[in-house]
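Close look at the chain arrangement
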Amino acid sequence: MTTAEQTGAAQAETAEETHGVTLTDAAAVKAKALLEQEGRDDMHLRIAVQPGGCAGLRYQLFFDERELDGDLFRDFDGLRVAVDRMSAPYVSEAVIDFVDSIEKQGFTIDNPNATGSCACGDSFH
C-alpha cells in the first residue's frame, strides 16, 4: 500500500459518517434556545421515521441524550443532530426549518423523498 493509500484509508476510518438532513439557521437557533431554556447541554436533536400516521410513515423530532449504535450525526453551529441508520434513507436531503408566522409556528420538514403526505403533514409515504 502506498503512503497516499494509507493516508486515505486512515482518513476514511476516522471520518465520522453523517446523514443528509439539513437544518436551516432558524431551526438550529430555535432548537438550541429550547435546550438552553431546559438547561440541558447534554442532549442532541434526533430525527426518526416510524411506521404509522395516515400516510404510512411519520416523523419524530425530539431531544435525546442517548446515542444509539449506528447513529449518524451532523453538527449545525454547535447543535448535534442524530439520525438512526434505519431512518437515514427516508430523510436524506430533507430540510428542517422553523416557521413562526401568524398562521403557523413550529418545525417543518421538506422531504424530497416523500412521494405523498397526509393533510395534517405529520406523515408521509
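The coordinates are above.
Each value, and the rule that gives it
Residues numbered from 1 in each chain as written. Predicted model: local features only at pLDDT ≥ 70, side-chain atom pairs only at ≥ 80, totals over all residues. Heavy atoms only, no water. Core = buried A, V, L, I, M, F, W, Y, C linked by side-chain atoms within 4.5 Å. Buried < 20%, exposed > 50% of the residue type's maximum accessible area, 1.4 Å probe, protein only. Helix = DSSP H or I, 4+ residues; strand = E, 2+ residues; numbered from the N terminus. Contact = heavy atoms within 4.5 Å. Phe/Tyr/Trp six-rings, centres within 6.5 Å; stacked < 30°, edge-to-face > 60°.

Counting 21 residues, the largest nonpolar core has Leu23, Ile47, Leu79, Val81 and Val91 as the members making the most contacts within it. If you list the elements that add at least two residues to this core, you get helix H2 (25-38), strand S2 (44-51), strand S3 (57-64), strand S4 (72-76), strand S5 (79-83), helix H3 (88-91) and strand S6 (95-100). It is H2 that provides the largest number of residues to this core, a total of four residues. In this structure Leu23 touches Ala28, Leu45, Phe76, Leu79, Val81 and Ile96, once residues within four positions along its chain are discounted.

Here the structure, examined in full by the defined rule, presents one aromatic pair. Both rings, one in Phe98 and one in Phe107, keep their centres 5.0 Å apart while their planes meet at 65°; by these two values the pair is edge-to-face. For Phe98, a relative accessible area of 14% corresponds to the buried category. Take Phe107: its relative accessible area is 29%, and that puts it in the partly exposed class.

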